Amino acid sequence: MAKTPKLRRGFRFQWEPAQESYVLLYPEGMVKLNGSAGAILKEVDGERSVETIVATLEQAFPDAGPLAKDVEAFLQEAANQHWIEMV
Amino acid sequence: MNAPGKQADGVSVGPPLWLLAELTYRCPLQCPYCSNPLDFSSADQELTTEQWVDVLRQGRTMGAAQLGFSGGEPLVRQDLSELISEARHLGYYSNLITSGLGLNADKVEAFAEAGLDHIQVSFQASDPELNNAVAGSRKAFDQKLAMARAVKEAGYPMVLNFVIHRHNIHQMNDIIALCDKLGADYVELATCQYYGWAFKNREGLMPSRAQLEKAEAEVNAYRARLLDAGSAMKLIFVTPDYYEERPKACMNGWGSLFLTVAPDGTALPCHSARILPIDFPNVTEMSMKDIWYNSPGFNHYRGDSWMPEPCRSCDEKGKDFGGCRCQAYMLTGNADNADPVCGKSPHHDRILSARRAADHATAGIEELTFRNAENSRLFFRS
Ligand code: SF4
Ligand code: SF4
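What counts, and at which threshold
Residues numbered from 1 in each chain as written. Chains lettered and ligands numbered in written order. Predicted model: local features only at pLDDT ≥ 70, side-chain atom pairs only at ≥ 80, totals over all residues. Heavy atoms only, no water. Pairing = 2+ DSSP bridges. Helix = DSSP H or I, 4+ residues; strand = E, 2+ residues; numbered from the N terminus. Contact = heavy atoms within 4.5 Å. Axes fitted to C-alpha atoms, helices over the stretch in contact; angles between N-to-C directions. Phe/Tyr/Trp six-rings, centres within 6.5 Å; stacked < 30°, edge-to-face > 60°. Buried < 20%, exposed > 50% of the residue type's maximum accessible area, 1.4 Å probe, protein only. Lys NZ or Arg CZ within 6 Å of the ring centre and 35° of its normal. UniProt positions renumbered as here; feature names shortened; annotations may be inferred. Buried area = accessible area lost by both parts, 1.4 Å probe. Salt bridge = Lys/Arg side-chain N within 4 Å of Asp/Glu carboxyl O. Polar contact = N/O pair within 3.5 Å; in protein donor to acceptor, adjacent residues only side chain to side chain. Nonpolar A, V, L, I, M, F, W, Y, C, P; charged D, E, K, R; others polar. Near = heavy atom within 4 Å.

Bringing the sheet that holds strand E7 (residues 158-164) of chain B into the picture now. Residues and elements named next belong to chain B. With mixed pairing, 9 strands are arranged side by side in an open sheet as E9-E8-E7-E6-E5-E4-E3-E10-E11. Whereas interior strands pair on both sides, the edge strands pair on one side only; in this sheet they are strand E9 (234-238) and strand E11 (267-268). The sheet contact formed by strand E3 (residues 18-22) and strand E10 (residues 258-261) spans 4 bridges and is parallel. What sits directly across from leucine 19, in E10, is leucine 259. Helix H5 (residues 140-153) contacts strand E6 (118-123) and E7 of the sheet and is inclined by roughly 160° relative to E6. Together, strand E8 (186-191) and E9 form the strand contacts of helix H9 (residues 209-228), whose direction differs from that of E9 by roughly 165°.

Applying the stated criterion to the full structure yields 9 aromatic pairs over all chains. Here the aromatic rings of phenylalanine 13 of chain A and tyrosine 22 of chain A are separated by 4.8 Å at their centres, their planes lie at 15°, and the arrangement is stacked. Residue classification places tyrosine 22 of chain A among the partly exposed positions, given a relative accessible area of 22%. Each ring, one from tryptophan 254 of chain B and one from phenylalanine 280 of chain B, has its centre 6.1 Å from the other, and the planes form 35°; the classification is tilted. Here the residue tryptophan 254 of chain B occupies a position in the loop between E9 and E10, and phenylalanine 280 of chain B occupies one in the loop between E11 and helix H10 (288-294), the gap between them amounting to 26 residues. Taking relative accessible area as the criterion, tryptophan 254 of chain B reaches 13% and is therefore assigned buried. Under the relative-accessibility criterion, phenylalanine 280 of chain B is labelled buried at 13%. An aromatic cluster is present here, built from Trp254, Phe280, Tyr301 and Trp306 of chain B joined pairwise through their rings. The ring centre of tryptophan 292 of chain B lies 5.0 Å from the NZ or CZ of arginine 302 of chain B, which sits over that ring. A cation sits over an aromatic face here: arginine 325 of chain B above tyrosine 301 of chain B, 5.7 Å from the ring centre.

We now examine the UniProt feature "binding site: [4Fe-4S] cluster" (unreviewed entry) in chain B. Residue and element names in this part refer to chain B. Sites flagged by UniProt as "binding site: [4Fe-4S] cluster" (unreviewed entry) map to Cys27, Cys31 and Cys34. The class of cysteine 27 is partly exposed, set by a relative accessible area of 29%. In contact with cysteine 27, not counting residues within four places along its chain, are Gly72, Glu73 and Arg371. Note that cysteine 31 resides in the loop between E3 and helix H1 (49-62). We classify cysteine 31 as buried; its relative accessible area is 12%.

A word on the interface of chain B and chain A. Taken together, the contact pairs 30 residues of chain B with 17 residues of chain A. Here chain B meets chain A over a buried area of about 1900 Å², counting both sides, of which 49% is carbon and sulfur. Inspection of the region where chain B meets chain A yields 3 salt bridges. In this structure, arginine 8 of chain A and aspartate 185 of chain B form a salt bridge, with 3.1 Å as the shortest nitrogen-oxygen distance. Summed over the shared surface of chain B and chain A, the result is 12 residue pairs in polar contact (both at pLDDT 80 or more). Where the side of chain B that touches chain A is concerned, the elements lending two or more residues are H1, strand E5 (93-98), E6 and E8 of chain B. With 3 residues, the single largest contributor to the side of chain B that touches chain A is E5 of chain B. Tallied by class, residues from the side of chain B that touches chain A come to 15 nonpolar, 9 polar and 6 charged.

Turning next to the pattern of salt bridges. All names here are of chain B. Considering all chains together, one arrives at 18 salt bridges over all chains under this definition. The closest approach of N and O atoms between lysine 317 and aspartate 304, which form a salt bridge, is 3.9 Å. One end of the pair, lysine 317, is in helix H12 (residues 317-320); the other, aspartate 304, is in the loop between helix H11 (296-299) and H12, and 13 residues separate them in sequence. For the salt bridge of glutamate 316 with lysine 344, the shortest nitrogen-to-oxygen distance reads 3.4 Å. Residue glutamate 316 is located in the loop between H11 and H12, and its partner lysine 344 is located in the loop between helix H13 (325-332) and helix H14 (349-360); the two are separated by 28 residues in the primary sequence. Salt bridges linked by common partners bring Arg26, Glu46, Arg77 and Asp79 together as one network.

With that out of the way, let us pick up the site of ligand 2. Taken together, Arg246, Pro247, Pro310, Cys311, Cys314, Glu316, Lys317, Asp320, Gly322, Cys342 and Lys344 of chain B are the residues near ligand 2. Taken together, the residues of the shell around ligand 2 break down into 5 nonpolar, 1 polar and 5 charged.

This part is about the site of ligand 1. The full set of residues close to ligand 1 is Cys27, Leu29, Gln30, Cys31, Cys34, Asn36, Gly72, Ser99 and Arg371 of chain B. Here the residues of the shell around ligand 1 sort into 4 nonpolar, 4 polar and 1 charged.

Attention now goes to unusual backbone geometry. The omega torsion of the bond from glycine 71 of chain B to glycine 72 of chain B falls at 15°, within 30 degrees of zero and hence cis. Position of glycine 72 of chain B among the secondary structure elements: in the loop between strand E4 (66-70) and helix H2 (80-90). Proline 310 of chain B follows glutamate 309 of chain B through a cis peptide bond whose omega is 5°. Positive phi, close to 55°, is recorded for glutamate 28 of chain A, a residue that is not glycine.

As structure tokens, this is what we get:
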């Protein structure tokens, strides 16, 4: 299943220098993301599939070992929260 | 490094992450629960476009990421589009809080192009008669429905806000069904908080406990159905703190995350704080950084050394900060006191008597004091 995650409409992902972290902004709300959540969501652009994202992250963090399980679990959670949609 | 973690009273102060720009107190509606100050008509000075742009820039530099455009009715400002583009350019997530009056499909589109992220349309009820009676305007309801649809068509998330009170709380199911039909993403069912005009009208607005419990059960049941159906529509039910035994952690702590700038440039830790007998600085006279970190107004209730008993020796003070200063002031005459919502407050009886009054209230909608300039002049403080 080559699923492609995409931010739900009304959601914006960006780096916030004052908080030294990536955040997810949505109507009257803001989530401060931890390092790995930020690194994963950074790759979510509505174009790249989950597999591509996993491959990109594994290349960027060679010492982290296989990442598929963690990335999929996080994306599933983000979908449950309705932050992202799988298309 | 991080933004300056300045010290106030030994308390480290983080940046303001939320900026609320109350662009104007002007509004075509007259909601009796409006949170604007009763004497709003005495503050009719408004910042210029350049001054607002400067406020947005300073706020963003300090770390604010969420921006609300509210009022009054922000649409009466002719420079709204310009302020929206500036906000987008600076990297804010911008929210427009509107009654929907004065909005049209072209403006909705134009704002989207200028970079507005979200429009929240507020409703007064789920049917036209009640909605219009509460808003003090006839054509309001149809206009709101049309605007809610236009917002979604333009690609924004649809966020609908219903202010709930004793005259519409029985409509909970209808309200949610209407939102579901419209395809809303978020629905705020916000039982009025008793500030400004709503405090004046509390007896005529506050639901009884029985009404509230029934509504809560209906919301929960509906939420469960939405979950089963896999719906992404989110229901946010804000219940009145008058039925709690512990106060809300107001604004997440005084001067901790929220910075409000009123139409005339007065900087406030919350939109209601203007009523307090505290001197608040104005953005035309002081930099926002100075206001946030160094002004006596903002430092007034930071930390906990200002607290009298029972808060002073209470082990919950880190959780609720003693509740809301405005509520303490309105109900006890002294803003330092524990919020009377707290069961430990010696003034808790004032909450209990409001609850009893809600069980027996009979006043109709027509007896509420509507928010308009004529009524406002009656509240002038000379
Ligand atoms: S609450 Fe009603 S009267 Fe007050 S500003 Fe909003 S729309 Fe206008
Ligand atoms: S006594 Fe004060 S600090 Fe303690 S719970 Fe009540 S309001 Fe909060």
